[in-house]
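Examining the three-dimensional arrangement
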Amino acid sequence: MTGSSFIQAEYIWMDGTVPTQKLRSKTKIIKPKGKAVELSDFGDWSFDGSSTNQATGHDSDCILKPVAFVKDPIRGDNNVLVLCEVYNPDGVTPHKTNTRAELRRVLESGAQKEDPWFGFEQEYTLMDGMRPLGFPENGYPAPQGPYYCGVGADEVFGREVVEAHTQCLLDAELMIYGTNAEVLPGQWEFQIGYRGEPNEKADALTISDHMWFARWLLYRVGEEFGVAATLHPKPVRGDWNGTGMHTNFSTNSMRDPSKGKSAIESAIKKLGERHEEHIGVYGADLSLRLTGLHETCSIHEFRSGVADRGSSIRIPRPVANKGYGYLEDRRPGANADPYQVASRLLQTILDIK
Ligand code: ADP
Ligand code: MN
Ligand code: MN
Ligand code: MN
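All of these numbers come straight from a predicted model, not from anything done at the bench. (Residues numbered from 1 in each chain as written. Chains lettered and ligands numbered in written order. Predicted model: local features only at pLDDT ≥ 70, side-chain atom pairs only at ≥ 80, totals over all residues. Heavy atoms only, no water.)

Some words on the overall build of the chain
Secondary structure summary: the chain contains 8 helices and 14 strands in total. Computed over C-alpha atoms, the radius of gyration of the chain comes to 21 Å, within 12% of the 20 Å expected from 2.2 N^0.38 for 353 residues, which places it in the range of a compact globule. Along the first, second and third principal axes, the C-alpha atoms of the chain reach 55 × 55 × 45 Å. Across the 353 residues in the chain, those meeting the buried criterion constitute 52%. Taking contacts inside the chain between residues at least 6 apart in sequence as the whole, the part at least 24 apart equals 65%. A total of about 16100 Å² of accessible surface is found on the chain, and carbon and sulfur atoms cover 50% of it. With 39 positive and 48 negative side-chain charges, the chain shows a separation of 4 Å between the mean positions of the two kinds. (Helix = DSSP H or I, 4+ residues; strand = E, 2+ residues; numbered from the N terminus. Rg over C-alpha atoms; globule rule 2.2 N^0.38 Å. Buried < 20%, exposed > 50% of the residue type's maximum accessible area, 1.4 Å probe, protein only. Contact = heavy atoms within 4.5 Å. Areas by Shrake-Rupley, 256 points an atom, 1.4 Å probe, with all protein chains shown as cover. Lys, Arg positive; Asp, Glu negative; His and termini not counted. Charge placed at Lys NZ, Arg CZ, Asp CG, Glu CD.)

Have a look at this one:
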């Protein structure tokens, strides 16, 4: 039955878990003021920060400030998902775990002028208890090779989850670009970012927000199937691919046919000079993934190359052919925070403090 003027708003936020922040959410019943739901319909809300590693028990009320909302594809009707920034109990200063506030600051400090575009490739692994889907109870499946972009029940595991998740992202009108089965059994990828034709775009904050909505929906959809997703960068040790969050990036200058080539070269030079600072915010346990094997460059090296999947920064072949476009930073792990990755890239490439 429709017609109820009350809706469910799922308030979603990043917690204070170390070393990798997790998602939390709780439901608020809202009565939108007008016909169409607006951000101002969602008031601030407090939560128990002592249960999320964001406060002590003595002064535990942290504040959720709604910053973006999309349709809730799970509950349907007029229900919504509301992404929130976490503020200190004073309600005025961003909490130290609020990495979105830092990206806002970087964009306002000049980065937005270069109209930066981001495209994140989010890899993840669907798990059956402690094992990736497709791994037998004992031992290992056949060596990797046929699983990437595979088809067939012996090569592809969890497609029903992926199909449901993808439809949810479309229903929520997120900027999804595509999906594919990955190299490790049970491992998949979706991309969030600029879309091809027609050239639909969104700013860096929106793209990063959509990554967090998409992650929340991945876990939520997994509940329906009794399958948990992990973003761990190396879910299986040994001769198995790790899990990354390749980050495609461009600025106005890099997309400009007359100066794109030199802008990309200058960006890569700056990235090389700040390799350690980038590794510092590219996700926990990254050294397990960046070994120099399995389509990665060693964490101790920095290399760039055209179409080279063993490099830190890859210049896609079509970009090299045209002489302008974007670059791919292959270093971020799947568990990296898009806000922090975006902030770091903008600071390094656009010389922002
Ligand atoms: P790969 O070949 O590395 O697997 P994908 O096809 O998975 O690449 O993902 C490509 C990503 O690059 C998408 O997220 C897309 O939005 C992004 N992208 C494409 N063009 C640009 C651009 N000019 N600037 C930034 N990102 C871009
Ligand atoms: Mn990809
Ligand atoms: Mn991939
Ligand atoms: Mn890639």
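Quick notes on the domain arrangement of the chain
The accessible area lost on association of the parts is a frequent measure of interface size. The domains assigned to the chain are domain 1 (7-96) and domain 2 (108-350). Relative placement of domain 1 and domain 2: their C-alpha centres are 26 Å apart. In this assembly, domain 1 packs against domain 2 so that about 1600 Å² is buried in total across both faces, 78% of it on carbon and sulfur atoms. Note that Lys 71 is salt-bridged to Glu 173, the shortest N-O span being 2.9 Å. (Domains from an automatic or database assignment. Buried area = accessible area lost by both parts, 1.4 Å probe. Salt bridge = Lys/Arg side-chain N within 4 Å of Asp/Glu carboxyl O.)

A look at the site of ligand 1
Taken together, 17 residues surround ligand 1, and among them Glu 121, Glu 189, Tyr 194, Ser 250 and Glu 328 come closest. Gln 191 places a polar side-chain atom, nitrogen or oxygen, 3.2 Å from an oxygen atom of ligand 1. Ser 250 is positioned such that a nitrogen or oxygen atom in its side chain is 2.8 Å from a nitrogen atom of ligand 1. Starting from 590 Å² of accessible surface for ligand 1 in isolation, the protein chains cover 82%. Counting only elements with at least two residues in the shell around ligand 1, the list comes to β6 (117-128), β9 (187-193) and β11 (247-250). Across the shell around ligand 1, the residue classes tally to 7 nonpolar, 5 polar and 5 charged. (Near = heavy atom within 4 Å. Polar contact = N/O pair within 3.5 Å; in protein donor to acceptor, adjacent residues only side chain to side chain. Nonpolar A, V, L, I, M, F, W, Y, C, P; charged D, E, K, R; others polar.)

Focus on helix α1 (residues 99-108)
Here α1 has its buried residues at Thr 99, Arg 100, Ala 101, Leu 103, Val 106 and Leu 107. N-cap assignment for α1: the residue whose side-chain oxygen lies 3.3 Å from the backbone N of Arg 100 is Asn 98. Once α1 ends, the next one or two residues include Gly 110, with phi positive near 125°.

Side note on the packing of helix α3 (residues 204-225) against helix α8 (residues 338-349)
Packed helices, taken two at a time, are described by the angle between their axes plus the distance between the axes. Packing of α3 against α8 brings their axes to within 9 Å, and their N-to-C directions diverge by 160°. On the basis of the axis angle, α3 is roughly antiparallel to α8. In the packing of α3 onto α8, the handedness of the crossing is right-handed. Across the interface between the two elements, Ser 208, Asp 209, Met 211, Trp 212 and Arg 215 from α3 touch Pro 338, Tyr 339 and Ala 342 from α8. When its residues are assigned to classes, the contact of α3 with α8 shows 5 nonpolar, 1 polar and 2 charged. (Axes fitted to C-alpha atoms, helices over the stretch in contact; angles between N-to-C directions. Parallel < 35°, antiparallel > 145°, perpendicular 65-115°, else oblique. Left-handed = near helix turned anticlockwise from the far one by under 90°.)

Regarding the coordination of the manganese ion (ligand 2)
Protein-derived ligands of the manganese ion (ligand 2) are Glu 121 (OE) and Glu 189 (OE), with the metal-ligand distances lying across 2.2 Å. The distance between the manganese ion (ligand 2) and the manganese ion (ligand 3) is 3.8 Å, with Glu 189 acting as a donor to both metals. With Glu 121 in strand β6 and Glu 189 in strand β9, this pair connects stretches of sequence that are 68 residues apart. Accessibility assignment for this pair places Glu 121 and Glu 189 in one class, buried. (Donors = N, O, S within 2.8 Å, 3.2 Å for Na, K, Ca; no water.)

Concerning the coordination of the manganese ion (ligand 3)
Taken together, Glu 123 (OE), Glu 182 (OE) and Glu 189 (OE) make up the full set of protein donors to the manganese ion (ligand 3), lying 2.1 to 2.2 Å away. When the donor residues of the manganese ion (ligand 3) are listed from N- to C-terminus, their spacing reads E-x58-E-x6-E. Residue class for Glu 182 comes out buried when judged on its relative accessible area of 8%. Look at Glu 189 and you get buried, because its relative accessible area is 4%.

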